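# Structure assessment
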Amino acid sequence: MAARGLSGEAVTAYRSLLRATRKSFAGDTEMLQGSAAEVRKKFEENRHVTSEPEIRKLLAEAREASDFISNMIVQAKLNSRGGYEMKPSKDHAGATLEIPSEEILKKSA
């Protein structure tokens, strides 16, 4: 019976993930379509899970994924100078963002 009550939570988690992808990938049709397909695929793969502890684990993973997509992913856009720009919002990584220096970038290459 408890597993049935979790179906509402599953729908909420599904919608939350889709909202997160729409926000993070706004304007990028390919990523929007791909991420929506991946979210649906993952939920479909687990449609027949009936164990309450397993369902709760999957729901926690979905909430974590939604949070990660919303707060850790920033879309970079090609600018007129041929470089990429990104505009993280205050939600992204607690509004702290470190840009690596040229020296660090050279060392990693």
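Please read these numbers as outputs of a predicted model, since none were measured by experiment. (Residues numbered from 1 in each chain as written. Predicted model: local features only at pLDDT ≥ 70, side-chain atom pairs only at ≥ 80, totals over all residues. Heavy atoms only, no water.)

Now for helix α3 (residues 52-72). In this model, α3 (21 residues) spans 29 Å end to end at C-alpha, consistent with the 30 Å of a helix rising 1.5 Å per residue. Among all positions of α3, only Ile 55, Leu 59, Ala 62, Ser 66, Ile 69, Ser 70 and Asn 71 are buried. (Helix = DSSP H or I, 4+ residues; strand = E, 2+ residues; numbered from the N terminus. Expected span 1.5 Å × (residues − 1). Buried < 20%, exposed > 50% of the residue type's maximum accessible area, 1.4 Å probe, protein only.)

Within the secondary structure layout, Phe 68 lies in helix α3. Along the backbone, Phe 68 and Ala 20 are 48 residues apart, and their C-alpha atoms lie at a distance of 8.9 Å.

Side-chain pairs of opposite charge can arise where the charged atoms are in close proximity. Applying the stated criterion to the full structure yields six salt bridges. Residue Lys 42 is joined to Glu 38 by a salt bridge in which the shortest nitrogen-to-oxygen separation is 4.0 Å. Of this pair, Lys 42 and Glu 38 both sit in helix α2 (residues 29-45), four residues apart, roughly one helical turn. For Lys 42, a relative accessible area of 41% puts it in the partly exposed group. (Salt bridge = Lys/Arg side-chain N within 4 Å of Asp/Glu carboxyl O.)

Looking at the protein, pLDDT values average 83 and 77% of them are 70 or higher. Mean pLDDT across the elements of the protein ranges from a minimum in helix α4 (residues 102-108), with 67, to a maximum in α2, with 95. (pLDDT = per-residue confidence, 0-100.)

With that settled, consider the packing of aromatic side chains. Throughout the structure, instances matching the rule amount to one aromatic pair. Ring centres 5.1 Å apart and planes at 75° place the aromatic pair Tyr 14 and Phe 43 in the edge-to-face group. Taken together, the positions of Tyr 14 in helix α1 (residues 2-24) and Phe 43 in helix α2 put the pair 29 residues apart, joining distant regions of the chain. The class of Phe 43 is partly exposed, set by a relative accessible area of 26%. (Phe/Tyr/Trp six-rings, centres within 6.5 Å; stacked < 30°, edge-to-face > 60°.)

A few words on the environment of Ser 35. Mapped onto the fold, Ser 35 is located in helix α2. With a relative accessible area of 12%, Ser 35 lands in the buried category. The sequence separation of Ser 35 and Ala 20 amounts to 15 residues, and the corresponding C-alpha distance is 10.0 Å. Other than its neighbours up to four places away in sequence, Ser 35 contacts Thr 21 and Phe 25. (Contact = heavy atoms within 4.5 Å.)

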